[in-house]
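Observations on the three-dimensional arrangement
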Amino acid sequence: MPVGYAWMPLLINGRVNVGDQAIAVATNNPSGYLASEQLGLGKGSSGPDIKWNDGGKPLFKFNLRLVSTVYTKDQHLHNFFQHCQKIEETGSLAADMDTSNKLKTLHAVESGTLIQFLPTVLNQLFRLLPLTNSEDVALNAVRVLVHIVCEASEVEKIDMLRSYSKYVFVTIPTVSSKSRTIHEELAKHLTSMLRPQSADFLVINKFLLHSWFFFEILVKSMSQHLLETGKIKSPRNERFPSNYQYRIQTLLQHIVPHITQKYKELPEATKNANHSLAIFIKKCFTFMDRGFAFKLINMYIENFNPGDSRVLQEYKFEFLRLVCFHEHYIPLNLPLMKRGHIKSYKDMRHDYTLSEEFRKQHFLVGLLLQAVKSALNEVKVIRAQAISVLRDLLAKHEYDDRYSTKTQQGRIASLYLPFITIILENKHRLNIGDGQSSPGAMNGDVSGEMIGDRSSIAPSLVSQRSTLSLQQSETIQTLQNMSGSGSVKLPRDSAVLAMIAGTAPQASSLSISDPKPILNGSNSSLASSKASSESVDKDPKDTPKSNGKHDRSYSMGGQQGQSSPIGMPRYDKLDQKEVKDLLICFMYIVKNLPEEVLLGWFNNSSEYDIIDFFNILEMCIQQFKYSSKKIIHKLSMIADSQKAHTLPTRKGPVDMFSHSRAASDIKTKRNTQLLESSGALDNVLLEGNFACEVGMIALDVIALYSANFKEQLQFREGDNSLMRKVFDLHLLFLQTNQSESILKHAFAALRSFINKFAKILFRGNATMCANLCYELLRCGNSRLPSTRSEACALLYLLMRSNYEFNKKKSFTRVHLQVIVSVSQLISDVVGLSTLRFQESLSIINNYANSDKGMQRTCFPLEVKELTKKIRTVLMATAQMKEHQNDPEMLVDLQYSLAKSYSSTPELRKTWLDSMAKIHIKNGNLSEAAHCYIHGVALVAEYLKRRGRLTRAYPQGCRVFKNISTNVEADESEGQEDFGMQDVQYTNESLIEMLEEVAEALEKAERYELLGEVYKLIIPVYEERRDYQKLAQAYSILHSAYTKIVQVSLSGKRLLGKFFRVALYGQNFFEEEDSKTYIYKEPKVTGLTELCQRLQCLYTEKFGKHTVRLIKDSNKVNMKDLDSRFAYIQVTYVEPYFDERELEDRQTDFERNNNVRRFMFETPFTKDPKKAHGSVDEQYKRRTILTTSHSFPYVKKRIMVVYHQDMELTPIQVAIDQMQKKVVEIHEVVSMVTPDMKKLQLKLQGSVGVQVNAGPLAFAEAFLDKSKLRNYARKFTNSLKDIYRQFVQVCGIALELNGTLIMTEQMEYQESLKENFRNMVSKLEDIFDEKLFSDEDGKSISLDSTNRTSMSLFNVISSPTSQA
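What you see is a predicted model; the values in this text were computed from it and never measured.

What counts, and at which threshold
Residues numbered from 1 in each chain as written. Predicted model: local features only at pLDDT ≥ 70, side-chain atom pairs only at ≥ 80, totals over all residues. Heavy atoms only, no water. Patch = residues over 30% accessible without salt bridge, like charges linked within 9 Å, V, L, I, M, F, W, Y side chains within 5 Å. Areas by Shrake-Rupley, 256 points an atom, 1.4 Å probe, with all protein chains shown as cover. Salt bridge = Lys/Arg side-chain N within 4 Å of Asp/Glu carboxyl O. Helix = DSSP H or I, 4+ residues; strand = E, 2+ residues; numbered from the N terminus. Buried < 20%, exposed > 50% of the residue type's maximum accessible area, 1.4 Å probe, protein only. Lys, Arg positive; Asp, Glu negative; His and termini not counted. Charge placed at Lys NZ, Arg CZ, Asp CG, Glu CD. pLDDT = per-residue confidence, 0-100. Contact = heavy atoms within 4.5 Å. Core = buried A, V, L, I, M, F, W, Y, C linked by side-chain atoms within 4.5 Å. Axes fitted to C-alpha atoms, helices over the stretch in contact; angles between N-to-C directions. Left-handed = near helix turned anticlockwise from the far one by under 90°. Nonpolar A, V, L, I, M, F, W, Y, C, P; charged D, E, K, R; others polar.

What about a nonpolar patch on the surface?
Taken together, the side chains of Leu-10, Leu-11, Val-70 and Tyr-71 present a nonpolar region at the surface, about 390 Å² in accessible area. Note that Val-70 resides in the loop between β6 (60-64) and α1 (75-90). Look at Val-70 and you get exposed, because its relative accessible area is 57%.

With respect to unusual backbone geometry
Omega for the peptide link from Phe-1191 to Pro-1192 comes to -10°, which places this bond in the cis form. Within the fold, Pro-1192 resides in the loop between β12 (1179-1191) and β13 (1197-1208). In the Ramachandran plot, Glu-156 falls in the positive-phi region, its phi being about 60° despite a non-glycine side chain. Here Glu-156 shows up in the loop between α5 (135-154) and α6 (158-168).

Observations regarding a positive patch on the surface
Taken together, the side chains of Lys-759, Arg-763, Lys-807 and Lys-809 make up a positively charged region of the molecular surface. Mapping Lys-759 onto the fold places it in helix α32 (residues 758-763).

Some points on the pattern of salt bridges
Considering all chains together, one arrives at 55 salt bridges under this definition. Note that Arg-778 is salt-bridged to Glu-775, the shortest N-O span being 2.7 Å. With Arg-778 and Glu-775 both in helix α33 (residues 766-779) and 3 residues apart, the pair spans about one turn of that helix. Of the two residues examined, Arg-778 and Glu-775, each falls in the buried class. Residues Glu-1141 and Arg-1157 are paired through a salt bridge, measuring 3.1 Å at the closest nitrogen-oxygen approach. Here Glu-1141, found in helix α47 (residues 1139-1144), pairs with Arg-1157, found in strand β11 (residues 1155-1164); they are 16 residues apart in sequence, far enough to count as distant. Assessed through its relative accessible area of 25%, Arg-1157 is described here as partly exposed. A network of salt bridges, in which partner residues are shared, links Glu-1161, Lys-1180, Arg-1182, Asp-1216 and Lys-1220.

A short note on the confidence of the model for the protein
Confidence along the protein averages 78 in pLDDT terms, with 78% of residues attaining 70 or more. For the stretch residues 551-567, pLDDT sits under 50, and the model shows 55 contacts to residues farther than four places along the chain or on other chains. Within the model, the stretch residues 975-979 combines pLDDT values under 50 with 14 contacts to residues more than four positions away or in other chains.

What about the nonpolar core?
Grouped burial of nonpolar side chains is what soluble globular proteins tend to show. Within the largest apolar cluster, 293 residues are counted, with the highest numbers of intra-cluster contacts made by Phe-126, Ile-297, Tyr-416, Phe-586, Phe-602, Phe-613 and Phe-614. Formed by 37 residues, the second largest nonpolar core is a distinct cluster that contains Ala-1214, Val-1229, Phe-1275 and Ile-1326.

Topic: the packing of helix α30 (residues 721-735) against helix α31 (residues 740-756)
In the contact formed by α30 and α31, the axes pass within 8 Å of each other and the chain directions differ by 145°. The two elements α30 and α31 meet at a crossing, and its hand is left-handed. Of the residues in α31, those touching α30 at Met-723, Phe-727, His-730, Phe-733 and Leu-734 are Ile-742, Leu-743, Ala-746, Phe-747, Ala-749, Leu-750 and Phe-753. Residues of the contact of α30 with α31, tallied by class, amount to 11 nonpolar, 1 polar and no charged.

Below is the structure:
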């Protein structure tokens, strides 16, 4: 039941009345009650008569809480809304000061309240901008806008801001042409806010962080303005007034300095501002004059310079990435419009370089390429970002269905022609690392059966490859993320692209207007800086003078004005990923370029540029060669294992880009199923398809060049750099891992090459024919039957072409080169399959026998004879395989083959080179060097016989006698045969080989021989006046002679040790039974080490428990040996020289070079039961061995051909022992830099107490007065002379030791002196003469002991009968 009525006004002074309230309660409710009003002071109320309960006391108490989207309880916001309402009602602004104050109070409004009324507040603020004439009001409005946007972002209401800009914001309609617009005023006052004189750094920082919102409003206002005014149909340069363009330009000029100067303290804000600015300029292409948009881009780029920090460089390339990903990027760049056959390419030169003219016509692509070129001189992070921008852009072109035809892709690729010049300038930095493959890799060993012909390959393999090898899933994700800013979105769909562009689907042709003057229309471009390319002057001797093409006097890049290099060029290598990205970009361009454009590039390039171009093409083939399923699978597993450390387990379905997680062994059926199910098979297919595509692109380019520049390739009968490079590219397909499909195309290309250039192959330099024969024979050993068949067919074609070229007389060149190539192949004993090779030879024979065109000629017979010779050579392969673990026997077999080819220099040299490789592999560098010496001597002898040897040394191989005494005997016996007619050795090749010899000798530390080698080289340099080579030669000699001095002083050079090895056992060693060899072992190889090596070697060959070592050096009685065992006797030997030889061999090197005689000694006594006895009973047998050749030689073991035994009597043994001591001590005290350790060791062994019995024992046994009569006088006198020398040199050694020791060794020095005095005293008693005194020791010089053991050699070595 109601007790009364109560009411109250909701609005008081325009504001909602909220909070605690208390009002009176009426008992009645008359009409017009709302007009009732209390008069106060007890006067009652006006209006109808109302009866109040309890005398009108406020009995009804309550609280009001505002829930409204129209009214606010915030006083500041309420005041602002009221002020805006007055403006709308009156149609004019109130006082500027009042408006400014109302705007400033909005900074105090809580963020929640602002969010609640966000659209309304923003609408009112934006409407103020075009209405006010006050700069202060507009500036405060912009500041409030920045504040509100920042507050909304901080409370994570960015989605509301985006919704507002997209759906809510509506620009103010313009009544007349003089009406101001929101975008004009916003641009104007944003610039004012950013000016330094009125800068509020806190506001500016907030603006930079959230600048995207204001740029979105600018774009939205511009678009709505164009639609409302109908200017959308006007030409672009008439849509907006010039003052607005100026304001946008000024805005950019004020924003960019903040970005470039505050990137360190405000990284996030500057990054966002840079991104927002790029998006804004990108959208300007849609609404504004495109020339003006180009101008904005250029103004932005001018703020960046080479050498800027990494962050600034990242900003620049992020900007370029966003701008260049415009959906109409291709029309904006005005691609080439070349039609028909082009006869002259002079008018196109600016399209091939990054010239000023090019960048005028193709602004965006020119800007990007210039930035990439500059970035390649920066650090790795910047390089990687620049390259990725270019790579992603090219991938976008490949995926764009609007430009899917060959003609359109060709026009797009033509835009990027200057990139070829850029990559050529950085060719020295393309380090392909593991991408290189050795020429010895058997391409046929790869399973490539999944590759079909070219028609089955996907048209976008380049981008597919980048998906696999360069993680282009990253790129695809980037493209998808950019769809919100107007970029292409995957999957590829022409309808989607057309919708984005706002046009109907494109026709097959691409129509682009001609370039217009800058800033004069919507299709205008902006000129950039000049191209930075320099001309390089080269030697024109390899260029035909009759043709003006490929002029070497300039490079193509140097024709466009002055060069302006950007910074200093870098020479560090690019990493693997950078190289792959650059090569992929290169391959995309080359693949899609129209033929006439590519031919134009060749015509406008120097020969060196073209060679560099082919070098890059070669790198592509090497880098993207097929790696087989197993390797790709392993790489996939490695990648997955690395991802597993950071990424969660993948739960979704595996797509074609995911890596395999199968087991590593793909040969079994189970693992193959795992491979297929995990997606790794897709990776394998992608790898294979891309390798095939790269190969086909390369073959197409080579074929195009060969067909159009045949005259240049045939210059000087093919002996020019271009021909060599083109031919090497053909062979590269046979040298690297390729699929069966690409190999078929490669063989077809080689067939075409043989038909086109038969004259070069069969009359020019033999090198190309030799290399081709080698690779074809190697392919004839492939595991793949198809590859073997193709190789045999091509080799037969080569033989027949040579036969027909020689007018059906013979195929001499191919015959010789095949034999040489077979010899080279079998030198690699593990890599050649005799069975497969024999099968290939049979195929060639069958071709010859079934060739009807050759049945009536001698050609089939010659082919049969050739294959017979090859089979004969192959027989040696079995022996080599049998002894492949025996390096000495293997070298001996190859030595025998080399000797059998003495009449064919090239074959003999082939085997010498093969022996050198084995020696280098086993660390026998001296022997390898002598293989090269014999090879160059062989060439010298050949040139002498052909009458081609230079005047500097016409003696042929005899000129090498001072280097090795073996050369003349080995290399002067050769006889000429038909094969010598085709050998192509020249004086130039001789000098190159001599340089190789010098390098090998230096590695072997035989520095003394370098002088002899350069005596042969330097006269040729002088005759040529090649002063650079002369300077290099004398520098090498200076270094060599300096090292001689160093090793002579240090004694650290070890030229090897010699051992006698005798083999016994007819059942095991067969022909080597009872033969004795001298082995030369490297460095400090010990007797035990060699014994173990030989025992292990022959145990592995003959079986366990069948090899026994003879551990003494005595003569072996064959009757005492068991035929069930193989016996090896190893003895350490030393070089042996007579007195005359030692006069010439004064250095350690001379006593280890050209050595043929060796010596070892065996102690014995007259009692056959014991080898050692007392001093007067001890005999010694000296055995002198003479080898067939001198050391070092092409072999490390040489057979002993003569041996001589000499027996020394006890007194001769004493003379020999004492003389050795004298010589050893003399060598130590004669050192320029004394060696105290060696000196004290020798003193300890000579005058120490514990060994005094040695020297004294000899004196007491042979020089005591009672025993003198028992020995010949010349022996006793010689022994006395040696003792006198011994005492003198020991005294000198003691004095020298006294000058070297420190204080703590004084006691040791006194002990040595005391022992020395005691020894001298006893010797004086025996000699009955004064031998030494302290005064004498001080006066003795080293010259008094300068006598060698050979001064008494005749006495020591006299027959025993003279004793």
